[in-house]
Each structure stands twice: as C-alpha cells, then as structure tokens.
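# Architecture and fold: a report
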Amino acid sequence: MMKPILLLLLSSLLPSILSVDPPLPSPGGSDFIRTSCNTTIYPDLCFSSLSSFANSINNDSNRLARVAISLSRSNTLHLVSYLQNTYGNCVDRGCGGPTAAILKDCSENLKDAVDEMRDSKIQMEELVSTGSVQSFRFQMSNVKTWLSAALTNQYTCTDGFEDLHEDGCIKDDVSSRVDAVKKLTSIALALVNHYADKAIP
C-alpha cells in the first residue's frame, strides 16, 4: 500500500529537487549509486529514488547525500501540505475526539523535521574539505544530529495514533504516508554516514 503513495510523492517532487530535469543515468553512475545504496537498510528504494540523478551526482558521495536529504525534505514538506489540505477541517472542528490533536501534533513534528533537514543540507553544502579533521568531524556531527532529530520527529508524528481506535481510515492514511518519508530520511542519514566514513577512514 505504501509503494503507490511513495511513487506519487516522488513523481511530483523529483523535478524540483535539482534545477534541471535529470538526464538519463550513465551505467557507471548507476553502479556508484547502487553500491552506495547497499549501505542503507532500504537499498532498492534508495536506488529507485536516486538513480535518475546519476549524471548530476557524478559519483560524488557528498552530492548523493545532499540529493537524498533534499528528496526526503521535499516529500516531508509535501506531506505537511497534504495534512493541512486534507485534514485541516478535521483539526478546526475537533473531529473524532483526540484525532484532531494528534493530527496537529503530527504536522508540527513534520514541520520541525523539514527545518532540521534544511539545516543538515546547508551544512553539507558548506563542508570545508581543506579544513582540519576535527573541523570536518564537527560539521558532520551537526549534519547527523539534525538528520537524526528529523527522523525522531517523523517517528513521533505517529506515536499518538498507537492507542487510537477510532478514525481508523485517517490513522492508516497518515501512518502509511509518514512511514514513506521515514524511509527516505533513513536513507539520507545512511548515505551521510557512508560519506563521512569514506572521507575519514
């Protein structure tokens, strides 16, 4: 059930991640992405999400991680808009007892995640490769901290639904969509870790 949702999000958001539409990937670039994605816990999703950007990534681990962060951030931002557009009236009218409060909290958690991923991507763009090892490690620690916090906020988003027995359709819809962005953030974090491990053996 989650695959159609994720594919829909990807199809609507991928063109906006880079300034131009990605060209057809080169075989070598695809191999690089496949190898990198094998370090994540969702290698197939990772590859299918990122392989079309092979030429733009150009076998660059930093660029790959940044595209992955952008992808997750864009999908999370899209999900925030979806919740507001689809369930905004529910929140305003206090539908289903605790459901409105859970949806509001979930939306706030996702907004925080979007901000944290923005900060992590900016830090990745500003990495100083010619600086000291200590400086590089400090910057990478910031990136990992923000991405980990974003993932935590995404998990927290659906915590309130665990004991909710009414409004099952809303619960299933939101949970499946949040699960999709959790996977993308997990992929981004794994690729950041992979980049850091390669940069500092």
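Located above this text is the structure these notes cover.
Residues numbered from 1 in each chain as written. Predicted model: local features only at pLDDT ≥ 70, side-chain atom pairs only at ≥ 80, totals over all residues. Heavy atoms only, no water.

Further remarks concern unusual backbone geometry. Here asparagine 58, not a glycine, exhibits a phi torsion of approximately 55 degrees, which is positive. Mapped onto the elements of the fold, asparagine 58 is located in the loop between α4 (54–57) and α5 (61–93). For asparagine 59, which is not glycine, the phi dihedral falls at a positive 55 degrees. With respect to the element layout, asparagine 59 can be found in the loop between α4 and α5. (Helix = DSSP H or I, 4+ residues; strand = E, 2+ residues; numbered from the N terminus.)

Locating serine 175 in the fold gives a position in helix α8 (residues 168–199). Setting aside residues no more than four positions away along its own chain, serine 175 makes contact with Thr158 and Phe161. (Contact = heavy atoms within 4.5 Å.)

Now for the environment of asparagine 62. When you line up the elements, asparagine 62 lands in helix α5. Since its relative accessible area comes to 9%, asparagine 62 is described here as buried. The sequence separation of asparagine 62 and tyrosine 195 amounts to 133 residues, and the corresponding C-alpha distance is 6.2 Å. Setting aside chain neighbours within four positions, we find asparagine 62 in contact with Met124, Leu127 and Tyr195. (Buried < 20%, exposed > 50% of the residue type's maximum accessible area, 1.4 Å probe, protein only.)

This part is about the side chain of asparagine 153. Locating asparagine 153 in the fold gives a position in helix α7 (residues 133–159). Apart from residues no more than four positions distant in its own chain, asparagine 153 is found in contact with Asn109, Asp112, Ala113 and Glu116.

A pair of packed helices is characterised by two quantities: the angle between their axes and the separation of those axes. Packing of α7 against α8 brings their axes to within 9 Å, and their N-to-C directions diverge by 165 degrees. Considering their axes alone, α7 and α8 lie roughly antiparallel with respect to each other. In the packing of α7 onto α8, the handedness of the crossing is left-handed. Considered class by class, the residues forming the contact of α7 with α8 number 16 nonpolar, 7 polar and 2 charged. (Axes fitted to C-alpha atoms, helices over the stretch in contact; angles between N-to-C directions. Parallel < 35°, antiparallel > 145°, perpendicular 65-115°, else oblique. Left-handed = near helix turned anticlockwise from the far one by under 90°. Nonpolar A, V, L, I, M, F, W, Y, C, P; charged D, E, K, R; others polar.)

With that settled, consider the environment of lysine 171. Position of lysine 171 relative to the elements: it lies in helix α8. For lysine 171, a relative accessible area of 21% puts it in the partly exposed group. On a C-alpha basis, the gap between lysine 171 and leucine 103 in space is 9.3 Å, while along the polypeptide they are 68 residues apart. Setting aside residues no more than four positions away along its own chain, lysine 171 makes contact with Phe161, Glu162 and Leu164.

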